[in-house]
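If you want the building blocks of each chain, they are given just below.
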Amino acid sequence: MPAYHRALFARRVAISGAAALTAVLAVAGPAAAHAEVEADTPQALAENVTLSFVSEAESAKAGFAELRVVLPEGIAPTDVTLGKSPKGWKLKATDDGYTLGGPALKAGVDAEYSIKVRQLPDAKEIAFKTVETYSDGEVSRWIELPHDGAESEQPAPLLELKAAAPGATPVGADPTASEEPSASPSSAAPTTPAATPANADKAADEDDGSSTGAVVGGVVVALLVLGGSAWWLVKRRSSATDS
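A brief structural summary. Here the structure is a predicted model, which means the values were calculated and not measured.

1. Digging into the pairing of strand S10 (residues 139-142)
The side chains of a regular strand alternate between the sheet's two faces.
Alright, step 1. Of the two faces of S10, the one holding Ser140 and Trp142 is buried and the one holding Val139 and Arg141 is not buried anywhere.
Alright, step 2. When strand S9 (residues 129-134) meets S10, the two strands line up antiparallel, connected through four bridges. What sits directly across from Val131, in S10, is Arg141.
Alright, step 3. Here S9 folds back onto S10 in antiparallel fashion, the turn holding four residues, of which Gly137 has a positive phi close to 95°.

2. As for the sheet that holds strand S1 (residues 35-39)
Alright, step 1. Spatially, the four strands line up as an open sheet ordered S1-S2-S7-S4, and their pairing is antiparallel. Only two strands of the sheet have a single partner each, and these edge strands are S1 and strand S4 (80-82). With strand direction ignored, the average angle separating the axes of adjacent strands in the sheet is 25°.
Alright, step 2. As judged from the three bridges shared by S4 and strand S7 (residues 111-119), these two strands associate in the antiparallel manner. Looking across to S7, one finds that Thr81 is bridged to Lys116.

3. Points about the nonpolar core
Alright, step 1. Leu51 and Phe128 are the most contacted members of the largest nonpolar core, which totals 27 residues.
Alright, step 2. Of all the secondary structure elements, the ones that give two or more residues to this core are S1, strand S2 (47-55), strand S3 (64-70), strand S6 (97-101) and S7.
Alright, step 3. Top contributing element to this core by residue count: S7, with four residues.

4. Here we look at the pattern of salt bridges
Alright, step 1. All chains considered together, the criterion is met by one salt bridge.
Alright, step 2. Taking the shortest distance from any N to any O, the salt bridge between Asp96 and Arg68 comes out at 3.0 Å. A residue pair is termed long-range when its members are at least 10 positions apart, and Asp96 in the loop between strand S5 (90-93) and S6 and Arg68 in strand S3 qualify at 28 residues.
Alright, step 3. With a relative accessible area of 29%, Arg68 lands in the partly exposed category.

5. Some words on the environment of Gln43
Alright, step 1. Inspection of the secondary structure assignment puts Gln43 in the loop between S1 and S2.
Alright, step 2. In this structure, Gln43 is in contact with Leu120, Leu161, Lys162, Ala163, Ala164 and Ala165, ignoring residues within four places of it in sequence.
Alright, step 3. Only 2.9 Å separates the side chain of Gln43 from the backbone oxygen of Ala163, close enough to count as a polar contact.

6. Regarding the sheet that holds S10
Alright, step 1. The strand order across the open sheet formed by five strands is S5-S6-S3-S9-S10, and the pairing between neighbours is antiparallel. The open sheet has two edge strands, S5 and S10, and neither has a second partner. When strand polarity is set aside, the average angle formed by the axes of neighbouring strands in this sheet is 15°.

Rules behind the numbers
The written sequence of each chain sets the order in which its residues are numbered from 1. Local features are withheld for residues below a pLDDT of 70 in this predicted model, meaning they are given only at 70 or higher, and side-chain atom pairs are given and counted only at 80 or more; totals for whole chains, interfaces and linings count all residues. Think of the side-chain values as coming from all heavy atoms in the structure, minus any hydrogens and water. Relative accessibility under 20% of the residue-type maximum defines a buried residue, over 50% an exposed one, and the middle range a partly exposed one, all with a 1.4 Å probe and only protein chains included. Where helices and strands are cited, they refer to DSSP runs of H or I of at least four residues and of E of at least two residues respectively, numbered from the N terminus. If DSSP finds at least two bridges between two strands, the strands pair. In this analysis, axes come from line fits to C-alpha atoms, helices being fitted only over the stretch in contact, and the angle between any two N-to-C directions falls in the range 0 to 180 degrees. For this analysis, a nonpolar core means a set of buried residues of the types Ala, Val, Leu, Ile, Met, Phe, Trp, Tyr and Cys, connected via side-chain atoms within 4.5 Å. A side-chain nitrogen of Lys or Arg and a carboxyl oxygen of Asp or Glu constitute a salt bridge if their distance falls within 4 Å. Throughout, a residue-residue contact means that at least one pair of heavy atoms, one from each residue, lies within 4.5 Å. Polar contacts here mean pairs of N or O atoms no more than 3.5 Å apart (in protein, one a potential hydrogen donor and the other a potential acceptor; neighbouring residues in sequence count only if both atoms are side-chain atoms).

Listed below in C-alpha cells is the structure:
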C-alpha cells in the first residue's frame with residue numbers, strides 16, 4: 001500500500017476511534033454520577049448510627065436544590081436527625097422518609113450530608129431510594145433495587161450491614177408504663193361523689209330522715225315504758241284491794 005493510502009487509512013481509524021470513545025463517554029458520563037451511603041457503624045441493630053450520603057452532580061448548568069429520600073423498613077422518619085449538610089439546608093420529615101433542601105448548590109458541586117438514626121434495622125442490606133432535584137427542575141431518580149444479580153442503571157444507595165451484635169435487640173418504647181398493673185374494679189378505692197349542690201341537698205335530706213327516724217324511735221320506746229309502768233301500777237293496786 002502506498003504511503004499516501006497508509007496515512008489516509010490511519011487518519012480514518014484515528015477519527016473513528018475518537019468518535020467511538022466520545023460516544024462511550026457520553027453514554028457512561030451520566031451513569032458514572034450516582035448516590036452513595038456509608039455508616040460509621042454498619043451493623044444490624046446498631047444504635048445512634050451516623051449515615052453519610054453523597055449525591056454526585058451530573059448537571060453542567062444547574063446545582064442541587066433538594067433531595068428526597070425514602071427510608072428503609074425499620075427506620076422511622078422520627079428516628080432521624082440532621083447532622084452536617086450544605087449551608088442553609090433544612091431537613092423535613094415525610095410519611096416515608098425525609099426531604100433535605102435549601103439554597104441551590106453551584107453546578108458541578110456534589111451534595112454531601114449526614115444524618116443520625118436511632119437504630120439500624122435487623123437486615124443484611126438496606127436501601128435509601130433518593131430523588132435529586134436540580135435548580136432548573138431537572139430530576140434524577142436513584143431508586144432502583146438489585147434484582148437477580150443484574151446491575152441497575154440508576155441504583156438506589158445501598159448499605160450492607162454486618163450481623164447484629166450478640167444480645168442486641170430492637171429499641172422500642174419504654175415498657176415501664178405498660179407493665180404497671182392497673183387497678184381492677186374490685187380493688188380500686190371507692191370514689192367519693194363530687195360536692196355539687198344536688199349532692200349536698202341529697203345528703204341533707206338523708207341526714208334529716210335519719211334524725212327524724214331516731215326521734216320517732218325514741219318516742220315509741222318512751223311510750224312503751226310508760227305503758228308498762230302504768231299496767232304494773234294498776235295490777236298492784238288490784239292485788240292490794242283483793243287482799
